[in-house]
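# Results of the structural survey
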Amino acid sequence: QKEVEQNSGPLSVPEGAIASLNCTYSDRGSQSFFWYRQYSGKSPELIMSIYSNGDKEDGRFTAQLNKASQYVSLLIRDSQPSDSATYLCAAPNSNSGYALNFGKGTSLLVTP
Amino acid sequence: NAGVTQTPKFRILKIGQSMTLQCAQDMNHNYMYWYRQDPGMGLKLIYYSVGAGITDKGEVPNGYNVSRSTTEDFPLRLELAAPSQTSVYFCASSQDRVHEQYFGPGTRLTVT
């Protein structure tokens with residue numbers, strides 16, 4: 001079973017700090033990776049996608065991909081209390097070719 | 001553009017009852033998916049569809065059925081509900097394979 005692993009947390013950071021969320025994956029064939037944010041009681045919301053090695057920035061969010069190490073991360077700069085949520089990492093399921101394998105998510109708490 | 005819609009939002013079923021969870025999308029996406037999410041267990045794929053008339057099983061299909069008669073709609077049928085089917089169900093869609101998936105608001109189902 002190809003897997004996506006995340007530390008469940010909770011990760012607690014003070015307001016204004018950088019939050020760093022990490023994810024590892026086992027399928028070396030994975031070519032694309034996604035970060036979803038899920039507030040309690042709500043559905044996952046896509047916030048970042050990354051397809052090539054290196055960094056991709058979008059506002060306060062930066063996704064980093066290292067295919068050699070099978071590692072993808074999400075940095076949130078100037079963290080706000082509204083960033084408190086569970087962050088899900090996902091990669092394509094190489095068996096089905098169509099669906100995503102999701103990690104169990106990392107809970108982030110940004111304290112004022 | 002409503003995106004992905006799901007009905008109902010909440011439902012309580014008795015053991016052995018049946019029901020259909022509705023899902024519709026107005027983005028003209030070919031790919032649609034059903035996931036269930038249990039606390040601390042992440043998202044598990046139940047069924048997916050790559051186009052009208054084509055469906056396939058995911059990781060946890062037992063106890064469920066789907067159909068895809070149109071591009072827009074992808075209902076999930078529960079036959080003979082069991083307590084193990086108590087979960088939150090999310091429908092998602094994507095334009096292409098292994099690309100960004102967009103989720104509906106979810107249906108919270110309790111089987112007692």
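Higher on the page you've got the structure.
As a starting point, this report considers the structure included with it. (Residues numbered from 1 in each chain as written. Chains lettered and ligands numbered in written order. Predicted model: local features only at pLDDT ≥ 70, side-chain atom pairs only at ≥ 80, totals over all residues. Heavy atoms only, no water.)

## With respect to the overall build of chain B
When you go through chain B residue by residue, the secondary structure sums to zero helices and eleven strands. Along chain B, helices and strands appear, N-terminal first, in the series β-β-β-β-β-β-β-β-β-β-β. Taken over the C-alpha trace, chain B has a radius of gyration of 13 Å; the compact-globule value for 112 residues is 13 Å, and the two agree within 12%. With the C-alpha coordinates aligned to their principal axes, the bounding extent of chain B is approximately 35 × 25 × 25 Å. Expressed as a percentage of its 112 residues, the buried residues of chain B come to 46%. Partitioning the intrachain contacts of chain B with sequence separation of at least 6 by distance along the chain shows that 55% fall at a separation of at least 24. Accessible area for chain B stands at about 5,300 Å²; split by element, carbon and sulfur atoms hold 51% of it. (Helix = DSSP H or I, 4+ residues; strand = E, 2+ residues; numbered from the N terminus. Rg over C-alpha atoms; globule rule 2.2 N^0.38 Å. Buried < 20%, exposed > 50% of the residue type's maximum accessible area, 1.4 Å probe, protein only. Contact = heavy atoms within 4.5 Å. Areas by Shrake-Rupley, 256 points an atom, 1.4 Å probe, with all protein chains shown as cover.)

## Remarks on the sheet that holds strand β7 (residues 61–66) of chain A
Residues and elements named next belong to chain A. Strand order in the open sheet made by the five strands is β1-β3-β8-β7-β6, with antiparallel pairing throughout. The open sheet terminates on both sides in strands that have one partner only, identified here as β1 (4–6) and β6 (54–58). On average, each strand axis in the sheet is inclined to that of its neighbour by 20°, with strand direction left out of account. Note: β7 against strand β8 (residues 71–76), six bridges, orientation antiparallel. Following the sheet pairing, glutamine 64 is matched in β8 by serine 73. (Pairing = 2+ DSSP bridges. Axes fitted to C-alpha atoms, helices over the stretch in contact; angles between N-to-C directions.)

## Details of the interface of chain A and chain B
Each side of the interface is counted separately: chain A has 22 residues, and chain B has 23 residues. Counting each side, the surface lost to burial between chain A and chain B is near 1,700 Å², with a carbon and sulfur contribution of 61%. Summed over the three residues of chain A that lose the most area to chain B, namely Tyr98, Phe102 and Lys104 of chain A, the buried surface amounts to 33% of that side. Between the two partners, chain A and chain B, sit zero salt bridges. Across the chain A-chain B interface, the total number found is six residue pairs in polar contact (both at pLDDT 80 or more). At the level of elements, β4 (33–38), β5 (45–50), β9 (85–92) and β10 (100–102) of chain A are the ones that each hand at least two residues to the side of chain A that touches chain B. When residues of the side of chain A that touches chain B are assigned to their parent elements, the largest contribution, three residues, is made by β4 of chain A. When its residues are assigned to classes, the side of chain A that touches chain B shows eleven nonpolar, nine polar and two charged. (Buried area = accessible area lost by both parts, 1.4 Å probe. Salt bridge = Lys/Arg side-chain N within 4 Å of Asp/Glu carboxyl O. Polar contact = N/O pair within 3.5 Å; in protein donor to acceptor, adjacent residues only side chain to side chain. Nonpolar A, V, L, I, M, F, W, Y, C, P; charged D, E, K, R; others polar.)

## Looking at the side chain of threonine 106 of chain A
Mapped onto the elements, threonine 106 of chain A comes out in strand β11 (residues 106–111). The contacts of threonine 106 of chain A, once residues within four sequence positions are left out, are Gln6, Asn7, Ser8, Gly9, Leu11, Leu21, Ala85, Thr86 and Tyr87 of chain A.

## Quick word on the environment of valine 72 of chain A
Residues and elements named next belong to chain A. Secondary-structure assignment places valine 72 in strand β8. Accessibility expressed as a relative area gives 0% for valine 72, which makes it buried. The spatial distance from the C-alpha of valine 72 to the C-alpha of alanine 19 is 14 Å, given a sequence separation of 53 residues. Aside from chain neighbours lying at most four places away, what touches valine 72 is Leu21, Asn22, Cys23, Phe33, Trp35, Ile50, Gln64, Leu65 and Cys89.

## Some thoughts on the packing of aromatic side chains
Under the counting rule described, the total for this entry stands at ten aromatic pairs over all chains. Within the aromatic cluster, the residues linked to one another by ring pairs are Tyr36 and Phe102 of chain A together with Tyr33, Tyr35, Phe90 and Phe103 of chain B. Residue placement shows arginine 60 of chain A over the ring face of phenylalanine 61 of chain A; its charged tip is 5.6 Å from the ring centre. Over the aromatic face of phenylalanine 74 of chain B sits the side chain of arginine 68 of chain B, whose NZ or CZ is 5.9 Å from the ring centroid. (Phe/Tyr/Trp six-rings, centres within 6.5 Å; stacked < 30°, edge-to-face > 60°. Lys NZ or Arg CZ within 6 Å of the ring centre and 35° of its normal.)

## Observations regarding the sheet that holds strand β3 (residues 19–25) of chain B
Residues and elements named next belong to chain B. Here we have four strands laid out as an open sheet, ordered β1-β3-β8-β7, and antiparallel in their pairing. The open sheet terminates on both sides in strands that have one partner only, identified here as β1 (4–7) and β7 (64–66). The mean inter-strand angle of the sheet, taken between neighbouring strand axes irrespective of direction, is 20°.

## Brief notes about the pairing of β7 of chain A
All names here are of chain A. Where β6 meets β7, five bridges bridge the pair, whose relative direction is antiparallel. Bridged to lysine 56 within β7 is alanine 63. Hairpin connection between β6 and β7: a loop of two residues separates the two successive antiparallel strands, and glycine 59 in this loop has a positive phi of roughly 65°. In this structure, the hairpin formed by β7 and β8 is closed by a connection of four residues, where glutamine 70 is found at a positive phi of approximately 55°.

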